Amino acid sequence: MMRPRLVRRMSTTVNRSWRAGILIGLAALLAAACTSEIELVPENRPLTPESLEWIEQLEAVEAQDRYEAAQALGEKGPEVELAVPALITALSKEEVAGVRWGIIWALGRIGPAAPGVLDTLVTALSDPDDHIRHEAARALGTMGPSARPALPAPDAASGDRNSAVEEAVRLAIESIG
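How each quantity is defined
- Residues numbered from 1 in each chain as written.
- Predicted model: local features only at pLDDT ≥ 70, side-chain atom pairs only at ≥ 80, totals over all residues.
- Heavy atoms only, no water.
- Helix = DSSP H or I, 4+ residues; strand = E, 2+ residues; numbered from the N terminus.
- Buried < 20%, exposed > 50% of the residue type's maximum accessible area, 1.4 Å probe, protein only.
- Contact = heavy atoms within 4.5 Å.
- Areas by Shrake-Rupley, 256 points an atom, 1.4 Å probe, with all protein chains shown as cover.
- Core = buried A, V, L, I, M, F, W, Y, C linked by side-chain atoms within 4.5 Å.
- Polar contact = N/O pair within 3.5 Å; in protein donor to acceptor, adjacent residues only side chain to side chain.
- Arc of directions from axis to C-beta.

Caption draft 1: How the structure looks around the overall build of the protein. Scanning the protein from terminus to terminus reveals ten helices and zero strands. Ordered by position in the sequence, the α and β elements of the protein form the string α-α-α-α-α-α-α-α-α-α. Going through the 177 residues of the protein one by one, you find that 35% of them count as buried. If you take every contact in the protein between residues at least 6 apart in sequence, the share linking residues at least 24 apart comes to 58%. Summing over all exposed atoms, the protein offers an accessible surface of approximately 10700 Å²; the carbon and sulfur share of this is 57%.

Caption draft 2: Just the nonpolar core, in detail. Within the largest apolar cluster, 38 residues are counted, with the highest numbers of intra-cluster contacts made by L87, I103, L121 and L140. Here the element with the most residues in this core is helix α6 (residues 97–110); it accounts for seven residues. Residues within four places of L121 in sequence aside, it is in contact with I104, L107, A136, A139, L140 and M143.

Caption draft 3: Structural view of the side chain of D127. Position of D127 among the secondary structure elements: in the loop between α7 (117–124) and α8 (130–142). On the basis of relative accessibility, which here comes to 14%, the residue D127 falls in the buried class. Looking at D127, its side chain comes within polar contact range of the side chain of R100, at 3.0 Å. Side-chain polar atoms of D127 contact the backbone nitrogen of D129, separated by 2.8 Å. Sequence-distant contacts of D127, that is, excluding residues within four places in its chain, are made with R100, I132 and R133.

Caption draft 4: Up close: α7. Those residues of α7 not exposed but buried are V117, L118, T120, L121 and A124. All buried residues of α7 project into a common sector of 165° when viewed along the axis, lining one side. Looking at α7, the residues exposed on the side facing more than 90 degrees away from the buried face are D119 and T123. Packed against the buried residues of α7 are α5 (84–93), α6 and α8.

Dropping the structure here:
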(Lines give C-alpha, C1' and ligand atoms only; values in the text may rest on other atoms or scores of the structure.)
Protein backbone atom coordinates (compact mmCIF):
# COMPACT_ATOMS: atom_id res chain seq x y z
CA MET A 1 0.00 0.00 0.00
CA MET A 2 1.31 3.40 -0.97
CA ARG A 3 1.28 5.91 1.86
CA PRO A 4 0.69 9.63 1.20
CA ARG A 5 3.86 11.68 0.88
CA LEU A 6 3.22 13.56 4.12
CA VAL A 7 2.92 10.32 6.08
CA ARG A 8 6.07 8.90 4.46
CA ARG A 9 7.92 12.12 5.22
CA MET A 10 6.76 12.15 8.84
CA SER A 11 7.83 8.56 9.40
CA THR A 12 11.30 9.04 7.89
CA THR A 13 12.30 12.45 9.14
CA VAL A 14 14.50 12.87 12.18
CA ASN A 15 13.40 16.41 12.81
CA ARG A 16 10.89 15.89 15.62
CA SER A 17 9.90 19.57 15.80
CA TRP A 18 8.84 19.49 12.13
CA ARG A 19 6.79 16.34 12.78
CA ALA A 20 5.20 17.88 15.88
CA GLY A 21 4.31 21.05 13.98
CA ILE A 22 2.50 19.12 11.25
CA LEU A 23 0.60 17.05 13.81
CA ILE A 24 -0.46 20.15 15.76
CA GLY A 25 -1.64 21.82 12.54
CA LEU A 26 -3.66 18.78 11.50
CA ALA A 27 -5.19 18.51 14.97
CA ALA A 28 -6.18 22.20 14.90
CA LEU A 29 -7.78 21.77 11.47
CA LEU A 30 -9.72 18.73 12.62
CA ALA A 31 -10.84 20.48 15.81
CA ALA A 32 -12.03 23.52 13.86
CA ALA A 33 -13.98 21.31 11.46
CA CYS A 34 -15.59 19.42 14.35
CA THR A 35 -16.70 22.61 16.10
CA SER A 36 -18.13 23.99 12.82
CA GLU A 37 -15.71 26.91 12.74
CA ILE A 38 -14.96 25.90 9.17
CA GLU A 39 -16.98 23.96 6.63
CA LEU A 40 -15.21 21.13 4.86
CA VAL A 41 -17.87 21.14 2.14
CA PRO A 42 -19.51 24.57 2.09
CA GLU A 43 -23.20 24.47 1.26
CA ASN A 44 -23.46 28.02 -0.05
CA ARG A 45 -19.97 29.14 -0.99
CA PRO A 46 -19.17 32.81 -0.59
CA LEU A 47 -18.06 34.62 -3.70
CA THR A 48 -14.32 34.79 -4.26
CA PRO A 49 -12.60 38.18 -4.60
CA GLU A 50 -12.20 37.42 -8.32
CA SER A 51 -15.95 36.82 -8.69
CA LEU A 52 -16.68 40.05 -6.81
CA GLU A 53 -14.45 41.90 -9.29
CA TRP A 54 -16.39 40.37 -12.20
CA ILE A 55 -19.65 41.48 -10.57
CA GLU A 56 -18.31 45.04 -10.33
CA GLN A 57 -17.28 44.87 -13.97
CA LEU A 58 -20.91 44.18 -14.96
CA GLU A 59 -21.34 47.95 -14.52
CA ALA A 60 -18.32 48.92 -16.65
CA VAL A 61 -18.64 51.65 -19.27
CA GLU A 62 -17.42 49.46 -22.14
CA ALA A 63 -19.81 46.78 -23.41
CA GLN A 64 -16.91 44.39 -24.06
CA ASP A 65 -15.93 44.58 -20.37
CA ARG A 66 -19.51 43.84 -19.28
CA TYR A 67 -19.69 40.91 -21.70
CA GLU A 68 -16.39 39.48 -20.41
CA ALA A 69 -17.64 39.79 -16.82
CA ALA A 70 -20.81 37.85 -17.63
CA GLN A 71 -18.81 35.18 -19.45
CA ALA A 72 -16.33 34.82 -16.57
CA LEU A 73 -19.15 34.39 -14.07
CA GLY A 74 -20.93 31.90 -16.32
CA GLU A 75 -17.79 29.81 -16.65
CA LYS A 76 -17.77 29.34 -12.88
CA GLY A 77 -21.25 27.81 -13.06
CA PRO A 78 -23.26 27.02 -9.91
CA GLU A 79 -20.45 28.04 -7.56
CA VAL A 80 -21.33 31.71 -8.22
CA GLU A 81 -25.07 31.43 -7.66
CA LEU A 82 -24.76 34.35 -5.21
CA ALA A 83 -23.95 36.50 -8.27
CA VAL A 84 -27.40 35.90 -9.79
CA PRO A 85 -29.04 39.07 -8.36
CA ALA A 86 -26.23 41.19 -9.83
CA LEU A 87 -26.58 39.44 -13.21
CA ILE A 88 -30.35 39.95 -13.22
CA THR A 89 -29.94 43.62 -12.33
CA ALA A 90 -27.31 44.06 -15.04
CA LEU A 91 -29.62 42.37 -17.56
CA SER A 92 -32.50 44.70 -16.70
CA LYS A 93 -30.30 47.75 -17.40
CA GLU A 94 -28.42 46.40 -20.40
CA GLU A 95 -29.10 47.89 -23.84
CA VAL A 96 -26.45 46.02 -25.86
CA ALA A 97 -27.86 42.74 -27.19
CA GLY A 98 -24.48 40.98 -27.16
CA VAL A 99 -24.04 41.70 -23.46
CA ARG A 100 -27.62 40.60 -22.74
CA TRP A 101 -26.81 37.35 -24.57
CA GLY A 102 -23.73 36.88 -22.37
CA ILE A 103 -25.76 37.42 -19.20
CA ILE A 104 -28.44 34.94 -20.35
CA TRP A 105 -25.68 32.43 -21.14
CA ALA A 106 -24.19 32.95 -17.66
CA LEU A 107 -27.54 32.46 -15.95
CA GLY A 108 -28.04 29.26 -17.90
CA ARG A 109 -24.64 27.97 -16.75
CA ILE A 110 -25.31 28.86 -13.11
CA GLY A 111 -28.50 26.84 -13.24
CA PRO A 112 -32.06 26.75 -11.99
CA ALA A 113 -31.29 26.34 -8.28
CA ALA A 114 -30.48 30.03 -7.87
CA PRO A 115 -33.57 32.14 -7.19
CA GLY A 116 -34.69 34.22 -10.14
CA VAL A 117 -32.88 32.30 -12.89
CA LEU A 118 -35.91 30.52 -14.34
CA ASP A 119 -38.10 33.64 -14.26
CA THR A 120 -35.39 35.67 -15.96
CA LEU A 121 -34.88 33.06 -18.69
CA VAL A 122 -38.64 32.85 -19.26
CA THR A 123 -38.81 36.64 -19.61
CA ALA A 124 -35.90 36.51 -22.07
CA LEU A 125 -37.98 34.25 -24.33
CA SER A 126 -39.89 37.39 -25.34
CA ASP A 127 -36.80 39.59 -25.93
CA PRO A 128 -36.94 41.44 -29.27
CA ASP A 129 -33.54 39.98 -30.26
CA ASP A 130 -33.60 36.52 -31.88
CA HIS A 131 -30.23 35.57 -30.39
CA ILE A 132 -31.42 36.32 -26.87
CA ARG A 133 -34.59 34.25 -27.31
CA HIS A 134 -32.54 31.40 -28.79
CA GLU A 135 -30.05 31.42 -25.90
CA ALA A 136 -32.83 31.58 -23.30
CA ALA A 137 -34.51 28.53 -24.85
CA ARG A 138 -31.19 26.70 -25.11
CA ALA A 139 -30.36 27.50 -21.47
CA LEU A 140 -33.74 26.23 -20.29
CA GLY A 141 -33.25 23.08 -22.33
CA THR A 142 -29.86 22.33 -20.81
CA MET A 143 -31.43 22.44 -17.35
CA GLY A 144 -33.66 19.51 -18.25
CA PRO A 145 -36.37 18.53 -15.76
CA SER A 146 -35.04 21.10 -13.25
CA ALA A 147 -36.60 23.76 -15.48
CA ARG A 148 -40.05 22.14 -15.37
CA PRO A 149 -41.59 25.13 -13.49
CA ALA A 150 -40.83 27.19 -16.62
CA LEU A 151 -42.46 24.74 -19.03
CA PRO A 152 -45.62 26.72 -19.88
CA ALA A 153 -43.49 29.63 -21.12
CA PRO A 154 -41.35 27.70 -23.63
CA ASP A 155 -44.53 26.02 -24.86
CA ALA A 156 -46.10 29.43 -25.45
CA ALA A 157 -42.94 30.55 -27.30
CA SER A 158 -42.98 27.54 -29.62
CA GLY A 159 -44.48 29.60 -32.47
CA ASP A 160 -41.53 32.01 -32.70
CA ARG A 161 -41.11 33.94 -35.97
CA ASN A 162 -37.46 32.78 -36.15
CA SER A 163 -37.08 29.11 -37.12
CA ALA A 164 -33.83 28.67 -35.13
CA VAL A 165 -35.53 29.99 -32.00
CA GLU A 166 -38.56 27.81 -32.64
CA GLU A 167 -36.28 24.76 -32.95
CA ALA A 168 -34.43 25.68 -29.73
CA VAL A 169 -37.77 26.00 -27.93
CA ARG A 170 -38.91 22.62 -29.29
CA LEU A 171 -35.68 20.99 -28.07
CA ALA A 172 -36.03 22.71 -24.69
CA ILE A 173 -39.56 21.38 -24.26
CA GLU A 174 -38.37 17.86 -25.09
CA SER A 175 -35.44 18.14 -22.68
CA ILE A 176 -37.52 19.56 -19.84
CA GLY A 177 -40.11 16.82 -20.25
